[in-house]
Amino acid sequence: MSAGSPFGAWLESDPEVARLIGEEYERQVTTIQLIASENFTSPAVLAATGSVLTNKYSEGYPGARYYGGNRVIDEVEDLARDRAKSLFGAEHANVQPHSGANANLAAYQALLEPGDTVLAMRLDHGGHLTHGSPASITSKIWRFVDYGVTPASDDPDVPGEVIDFDQVRDRAKSEQPKLIVAGSTAYSRTIDAEPFRQIADEVGALLMFDAAHPAGLIAGGAHPNPVEIADVVTFTTHKTLRGPRGGAIVCKAEYAKKIDSAIFPGLQGGPLEHVIAAKAIAFEEAARPEFRAYAASVVANAKAFATALQVEGFRLVSGGTDNHLVLVDLRPFDAKLTGKVAQEVLDRNGITCNRNTIPDDPRSPFVTSGLRLGTAAETTAGMREGEMATIAQLIGRTLRHRDDAKALSAVSEEVAELCAAFPPYPGLVGST
Ligand code: DSN
């Protein structure tokens, strides 16, 4: 095992895997993590995901399992469900989805019949694969129609590249969807559930809010809570919520039975109770006052980052951010620079992020003209607005001097110094 890994002697029986985990640990703590859907979970969450709960089969739900020996597991899952309900003010919670994609699939399965129409955000305007991408099974089972964002605007009084609610209403009226999906995977503005609810009510549709990205901001009071407004809210537990990798669903009591049946036996088999225990820990952590401060810092950092990126000459989709991410349009910075090349150059120099399509991107989703950058992980590591300005400068220098080995070497050194000053796991043995 690498000297830098804090994950102990149990892995020594498999040196190959131990080495890889150690190397990944080193990568995470010595490079800057800007992927908007990632975070650093707490040591307690790491411990629960590595616990003996992984040994247990518990198909079913607390009090109604298909296997014996679930007395303790029932308590674990009940605790996680109760904490999720309390955190989001929900009537019902299902903590079994293995991922956000599964949570979305289950919600569709619970609320729709095959062939029903769903109105959701366009993928290239910020929607998710499970919002009806032709590549996703969702589009093979249900009929998806889409809405997008308004055109870019130079007029400060006309907000550009924000959800076009006139289009949402027009599409809802003409397509008569059974379900409207609010929520996105690459949208840097607040998503208010209220106007979606109004439109859904006008056309007699149900409303689902995909809160995969803002779940932690919602828990921490830095984004409006859609739970009382939407019929069903799906989310992931590993992004801004800072828990283990996984999904969850909260909903009104009237949909509880359908949602539960859609997850099991509809979509999944045995739940991952070690992950559910870790979700319970994350829900408790997110209810603490310090998590409110964290959520506020994530947003403040993203705003500072946005300003500093603009100083570097980058155009931001919608002109800025209200949440944990910014979407950079690289074309005004350098018309020849694609998202793919930018991601690769940054990666080689210790800055981890992902390429992303921008609205109406002329390039393919594999190449793209944009980068998506998020502040959730490095805020957990303790970075604040000053460090965000430094990272924006490092990004600008890396991409401007991407063929200059000396300039890139200087960037890599500064990245290493910055990461050494903000270790995400300072209490763990072997961490830097
Ligand atoms: N891949 C997730 C994200 O990065 O937003 C969504 O599935």
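A few points on the structure.

## Notes on the site of the ligand
Phase 1: Near the ligand you find Ser-37, His-128, Thr-185, His-213, Lys-239 and Arg-372, and these make up its full shell.
Phase 2: Between His-213 and the ligand, the recorded distance is 2.7 Å, taken from a side-chain N or O atom to an oxygen atom.
Phase 3: Across the shell around the ligand, the residue classes break down as no nonpolar, 4 polar and 2 charged.

## Considering the environment of Asp-361
Phase 1: Mapped onto the secondary structure, Asp-361 falls in the loop between β14 (354-356) and β15 (370-374).
Phase 2: The residues touching Asp-361, leaving out its near neighbours within four places in the chain, are Asn-356, Thr-368, Ser-369 and Gly-370.
Phase 3: A polar side-chain atom of Asp-361 sits 2.7 Å from a polar atom in the side chain of Ser-369.

## A look at the sheet that holds β14
Phase 1: Read across the open sheet, the 4 strands follow the order β11-β12-β15-β14; overall the sheet is antiparallel. In the strand order of this sheet, the two ends are held by β11 (315-316) and β14, each with one partner.
Phase 2: Both β11 and strand β12 (residues 325-329) contribute to a ladder of 2 bridges, which runs antiparallel. Its bridge partner lying in β12, Leu-316 is registered against Val-328.

## Here's the deal with the pattern of salt bridges
Phase 1: According to the stated counting rule, one finds 27 salt bridges in the structure shown.
Phase 2: We note a salt bridge from Glu-77 to Arg-65, for which the minimum N-O separation is 2.9 Å. Separated by 12 residues along the polypeptide, Glu-77 in helix α3 (residues 71-88) and Arg-65 in strand β3 (residues 64-65) bring together distant segments of the chain. For the pair shown, Glu-77 and Arg-65 are each scored as buried.

Reading the values: the criteria
Residues numbered from 1 in each chain as written. Predicted model: local features only at pLDDT ≥ 70, side-chain atom pairs only at ≥ 80, totals over all residues. Heavy atoms only, no water. Near = heavy atom within 4 Å. Polar contact = N/O pair within 3.5 Å; in protein donor to acceptor, adjacent residues only side chain to side chain. Nonpolar A, V, L, I, M, F, W, Y, C, P; charged D, E, K, R; others polar. Helix = DSSP H or I, 4+ residues; strand = E, 2+ residues; numbered from the N terminus. Contact = heavy atoms within 4.5 Å. Pairing = 2+ DSSP bridges. Salt bridge = Lys/Arg side-chain N within 4 Å of Asp/Glu carboxyl O. Buried < 20%, exposed > 50% of the residue type's maximum accessible area, 1.4 Å probe, protein only.

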